[in-house]
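Below are the chains, spelled out letter by letter.
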Amino acid sequence: MAQPDARSEVLAPAPWVEERGAKIRITAVRTFLTAPHGCPHLIVRVETNEPGLYGLGCASDPQRTLAVRSVLDDYLAPMLVGRDPDDIDDIHRLLLNSAYWRGGSLTGNALGGVDVALWDLKAKRLGAPLYSLFGGRVRAFAEAYTHVDGADAAEIADLVTAARERGYRHVRIQAAVPGSDTYGTKAAGATDARALRTRSVPWDSAAYVRTVPGVLTGVRERVGDGVELLHDVHERLDPRQARDFLRRVEDAGLYFVEDLLAPEDASHFAGLRATSPVPLAVGELFSDVGQFLPLLDGPAIDFARIRVPTLGGLTPARKLAAYCELRGVRLAPHGPADVSPVAQAATLALDISSHAFGVQEAAVFRPAVHEVFPGTITARDGGLVPYETPGHGVDFDEAAARRYPVPEPLEHDRWALLRNTDGSVQRP
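The structure displayed is predicted, hence computed values, not measured ones.

(A) Representation of the pairing of strand β7 (residues 254–258) within the structure. Most of β7 sits out of view: 5 of its 5 residues are buried. Of the strand pairs in this sheet, strand β6 (residues 228–232) and β7 are connected by 4 bridges, and their pairing is parallel. Paired with L230 across the strands is F256, a residue of β7. Regarding topology, helix α8 (residues 239–249) serves as the crossover connection from β6 to the parallel β7, and that connection is right-handed. Where β7 lies against strand β8 (residues 280–282), 2 bridges are found, and the strand directions are parallel. Bridge pairing in β8 links E258 to A281. Read from β7 through helix α9 (residues 269–275) to β8, the crossover connection turns out right-handed.

Quick look at the structure:
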């Protein structure tokens, strides 16, 4: 936990701070690692000289957690101590530029943790819920989607029906491909689980394209049109396979297909959207709002899958949301369990205040998460509702957090290691 010396010299001070006679100052930036859901969460706490006033942010990057913590503790925290926390946009730009080589997920997540904490702190100072700082509500709740997976259309359809009975109107469905490492599905038994753990099960893209569209269509035939169905390809197809996949899933009536292509192949999205009616969603891997701009100018996508921590926090995410609204593109923010309840609550403040919002991914957290993060928001009747209390409304229990240490590197993040049937490395 980094606790920089409060007497540290303020570098590049804002000239107006002294002029306005501001008394509040940042005294420490502390970081915490915890894993109550199994995946590592990196929490940022920005403290001030006003007793009891602090802000909480999330810098969780489950693949490079310790590197992000170093960026926070060794570089950003010393630059923050002594500053007035009120000028969030100014601080964001100063910290972003301080690395000189701007961008990347490490800087994005570290900066995102600080940025959300500053917004939380500001809302608490003003005695207002976080969303009110963004112009107030434009909707009563944020529509949410949950996840189900299975071996065939009948099994998945039953799970969709059960999710619908719990109030969800949007459900992401993932189908297993026998003998293939299929994203979003569970191991069939102990042997498969061991093989998945060592990452020795290959990915078979040809089998996926042959098998999954039929399953998705079969689910739609069984559940009817009363529920929105989503599917995540997880960047595992090349442009030729992507065209074939879209052709085969047209009858499934999908709300969107997520990450049909990897970010490296993003230039192909315009052509895919021009030739297929299936809505496209992409963006959870983007660490800079500039990566979205070519896709929004067409637009070449229908949904922006923003990940608030990785984009650098709410400051850039709000600007992107405004541009999405102008271009007619909806937000579908990333929100699985590796996005902590702190980040989920911050993202919800954006969802509830933006006309561009479409649907929010909603994690179902283990009971231990609620213990570590008092106030964790849970979906009710298929929607998420923000708190009316000051800030984003989620707190952090340090004592409880220490009971759930993070896994060693390469324990959780080994899932991203993947090979094709011919032995070549595959994007995860």
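(B) How the structure looks around the pattern of salt bridges. Enumeration over the complete set of coordinates arrives at 31 salt bridges. Here K319 and D89 are joined by a salt bridge, their closest N and O atoms 3.3 Å apart. Taken together, the positions of K319 in helix α11 (residues 314–327) and D89 in helix α3 (residues 88–98) put the pair 230 residues apart, joining distant regions of the chain. On the basis of relative accessible area, K319 is assigned to the partly exposed category, the value being 45%. Judged by its relative accessible area of 39%, D89 is partly exposed.

(C) Quick peek at the side chain of H231. Inspection of the secondary structure assignment puts H231 in strand β6. Taking relative accessible area as the criterion, H231 reaches 1% and is therefore assigned buried.

(D) Examining the packing of helix α2 (residues 65–80) against helix α4 (residues 105–126) more closely. Orientation of α2 relative to α4, taken along the N-to-C sense of each, is 55°, at an axis distance of 9 Å. Considering the angle they form, α2 stands oblique to α4. Taken as a pair, α2 and α4 cross one another with a handedness that is right-handed. Across the interface between the two elements, A67, V68, V71, L72, L76 and L80 from α2 touch L106, N109, A110, L111 and V114 from α4. Class assignment of the residues belonging to the contact of α2 with α4 gives a composition of 10 nonpolar, 1 polar and no charged.

(E) Looking closely at the pairing of strand β4 (residues 142–150). Judged by how many residues are buried, β4 sits mostly within the fold: 8 of 9 residues are covered. In this sheet, strand β12 (residues 383–384) lies alongside β4 in antiparallel orientation, the contact comprising 2 bridges. The residue of β12 that forms the bridge with A142 is L384. Sheet topology note: the β4/strand β11 (residues 360–361) ladder contains 2 bridges and is parallel. Residue pairing across strands places A144 opposite Q360, the latter belonging to β11. Bridging between β4 and strand β5 (residues 170–175) involves 6 bridges; their strand directions are parallel. Considered in β5, the bridge of D149 is made with Q174. You can see the chain leave β4, run along helix α5 (residues 153–165) and come back into β5, and the turn it takes is right-handed.

(F) Region of interest: the packing of α3 against α11. For the pair α3 and α11, the least separation of the axes is 10 Å and the interaxial angle reads 105°. In terms of axis orientation, α3 runs roughly perpendicular to α11. Residues I88, D89, H92 and R93 of α3 form the contact with α11, whose own contacting residues are T315, P316 and K319. Among the residues forming the contact of α3 with α11, the class breakdown is 2 nonpolar, 2 polar and 3 charged.

Definitions and cut-offs
Residues numbered from 1 in each chain as written. Predicted model: local features only at pLDDT ≥ 70, side-chain atom pairs only at ≥ 80, totals over all residues. Heavy atoms only, no water. Buried < 20%, exposed > 50% of the residue type's maximum accessible area, 1.4 Å probe, protein only. Helix = DSSP H or I, 4+ residues; strand = E, 2+ residues; numbered from the N terminus. Pairing = 2+ DSSP bridges. Right-handed = clockwise from strand over helix to strand, strands pointing away. Salt bridge = Lys/Arg side-chain N within 4 Å of Asp/Glu carboxyl O. Axes fitted to C-alpha atoms, helices over the stretch in contact; angles between N-to-C directions. Parallel < 35°, antiparallel > 145°, perpendicular 65-115°, else oblique. Left-handed = near helix turned anticlockwise from the far one by under 90°. Contact = heavy atoms within 4.5 Å. Nonpolar A, V, L, I, M, F, W, Y, C, P; charged D, E, K, R; others polar.

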